Amino acid sequence: MKHIVGIGGVTNSGKTTLTSSLLRSLPNCCVIHQDDFFKPQDQIAVGEDGFKQWDVLESLDMEAMLSTVRAWASSPHKFARAHGVSMQPDAANTHILLLEGFLLYSYKPLVDLYSRRYFLTVPYEECKRRRSTRSYEVPDPPGLFDGHVWPMYQKYKREMEASGVEVVYLDGTKSREQLFHQVLEDIRNLLLNSVAGRGQGPAGAQGPMRHAGHRKAQTGAA
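What you see is a predicted model, and the numbers here were worked out from it, not measured in a lab. (Residues numbered from 1 in each chain as written. Predicted model: local features only at pLDDT ≥ 70, side-chain atom pairs only at ≥ 80, totals over all residues. Heavy atoms only, no water.)

Visitor: So what exactly am I meant to see when it comes to the overall build of the chain here?
Guide: When you go through the chain residue by residue, the secondary structure sums to seven helices and six strands. Each of the 222 residues in the chain was classed as buried or not, and the buried ones make up 46%. Here the contacts in the chain between residues at least 6 apart in sequence split such that 77% fall between residues at least 24 apart. (Helix = DSSP H or I, 4+ residues; strand = E, 2+ residues; numbered from the N terminus. Buried < 20%, exposed > 50% of the residue type's maximum accessible area, 1.4 Å probe, protein only. Contact = heavy atoms within 4.5 Å.)

As structure tokens, then:
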């Protein structure tokens with residue numbers, strides 16, 4: 001059984017923290033971070049808003065990310081060994097790949113590969129506060145959050161909703177422990193259902209997302 005789980009959502013909503021906790025708790029689990037596929041800085045265009053376009057899909061080499069996902073799907077054992085993940089004998093046939101990033105559901109070739117799609121949201125003021133406390137390799141210029149980061153988040157979220165992508169919304173203002181246990185329980189139920197023959201088949205064959213709490217993206221959901 002191979003399962004691909006997306007941990008997406010707005011910047012500074014807790015995606016990386018949640019992903020790290022799940023990585024330590026799920027059997028035979030690997031992770032791919034979307035941030036690892038940013039193009040070089042000199043390839044990032046300056047947009048009409050006057051800012052480098054870091055928060056758009058074109059800033060990422062999504063073909064390379066998709067190729068990495070396919071490498072895992074073709075040989076999860078080999079991928080795990082290459083990334084220092086030890087196989088658990090009692091779950092030798094279970095393989096989980098976590099994809100973490102802010103634009104996971106905007107690249108169509110990836111959308112149908114997920115067994116679960118989670119989307120973390122945080123209100124504007126809290127998101128801006130958190131962003132202001134972070135240090136980035138490329139520092140935020142003045143006005144970037146209001147002029148580029150938040151508008152792009154809203155744009156891609158609207159597009160996700162309009163395209164009918166089904167996600168599980170998570171409240172990023174909840175404690176780390178609450179979010180972790182909520183998602184861990186859901187994934188464990190997914191694994192149990194798969195063993196019973198009612199869940200997800202091989203990666204790339206999306207089954208119905210009918211678990212309680214799953215819903216189609218709707219305008220205004222947060």
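Visitor: Which parts of the structure should I look at to understand the pattern of salt bridges?
Guide: Counting across every chain of the model gives seven salt bridges. With a shortest N-O distance of 2.7 Å, Arg-131 and Asp-140 are connected by a salt bridge. Residues participating in the shared-partner salt-bridge network are Glu-126, Arg-129 and Arg-130. (Salt bridge = Lys/Arg side-chain N within 4 Å of Asp/Glu carboxyl O.)

Visitor: What should I look at first to understand empty space enclosed by the protein in this one?
Guide: In this approach, a probe sized like a water molecule rolls over the atoms, and the result shows the empty space that is left. Per the stated rule, a full pass over the model turns up one cavity of 30 Å³ or more. Within this model, the largest cavity holds a volume of roughly 180 Å³. Listed by contribution, the elements that provide at least two residues to the lining of the largest cavity are β1 (2-9) and α6 (144-162). A class-by-class count of the residues in the lining of the largest cavity yields eleven nonpolar, five polar and two charged. (1 Å grid on protein atoms, 1.4 Å probe; cavity = no way out; pocket = protein on both sides within 12 Å on 5 of 7 lines; lining within 4 Å. Points joined across faces, edges and corners; volume = space filled by probe spheres on them. Nonpolar A, V, L, I, M, F, W, Y, C, P; charged D, E, K, R; others polar.)

Visitor: Looking at this structure, I do not really get the layout of surface pockets. What am I missing?
Guide: The calculated volume of the largest pocket comes to roughly 980 Å³. Along the wall of the largest pocket there are 33 residues; nearest its centre are Thr-11, Asp-35, Arg-131, Arg-134 and Tyr-136. Contributing elements (two or more residues each) for the lining of the largest pocket: α1 (15-25), α5 (124-132) and α7 (176-195). Looking at the lining of the largest pocket, the element that brings in the most residues is α1, giving four residues. Partitioned by chemical class, the residues of the lining of the largest pocket number eleven nonpolar, ten polar and twelve charged. Considering only enclosed or pocket space, the second largest pocket measures out at about 320 Å³ in volume. Taken together, 17 residues line the second largest pocket, and the ones lying closest to its centre are Tyr-105, Lys-108, Val-111, Ser-163 and Val-165. Those elements that provide at least two residues to the lining of the second largest pocket are α4 (108-111) and α6. At four residues, the largest contribution of residues to the lining of the second largest pocket is made by α6.

Visitor: How do you make sense of the packing of α5 against α6 when you look at a structure like this?
Guide: The axes of two packed helices give the description: the angle between them and the distance between them. Close contact between α5 and α6 brings their axes to 12 Å; oriented N to C, the two are set at 115°. Two packed elements cross with a definite hand, and for α5 against α6 that hand is right-handed. In contact with Tyr-124, Cys-127, Lys-128 and Arg-131 of α5, α6 contributes Leu-144, Phe-145, Asp-146, Val-149 and Trp-150. Its residues placed into classes, the contact of α5 with α6 shows six nonpolar, no polar and three charged. (Axes fitted to C-alpha atoms, helices over the stretch in contact; angles between N-to-C directions. Left-handed = near helix turned anticlockwise from the far one by under 90°.)

Visitor: Sorry if this is basic, but what is going on with the environment of Ser-74 here?
Guide: Here Ser-74 lies in helix α2 (residues 62-74). Polar contacts involving the side chain of Ser-74 include one to the main-chain carbonyl oxygen of Ala-71, which spans 2.9 Å. (Polar contact = N/O pair within 3.5 Å; in protein donor to acceptor, adjacent residues only side chain to side chain.)

Visitor: Just checking my understanding: could you explain unusual backbone geometry for this structure?
Guide: One can expect most non-glycine residues to show negative phi and most peptide bonds to be in trans. At Asn-12, a position not held by glycine, the phi torsion is positive, near 60°. Considering the arrangement of structural elements, one finds Asn-12 in the loop between β1 and α1. What makes Asn-12 buried here is its relative accessible area of 9%. Of note, Asn-28 is a non-glycine position whose phi angle comes to about 50°, a positive value.

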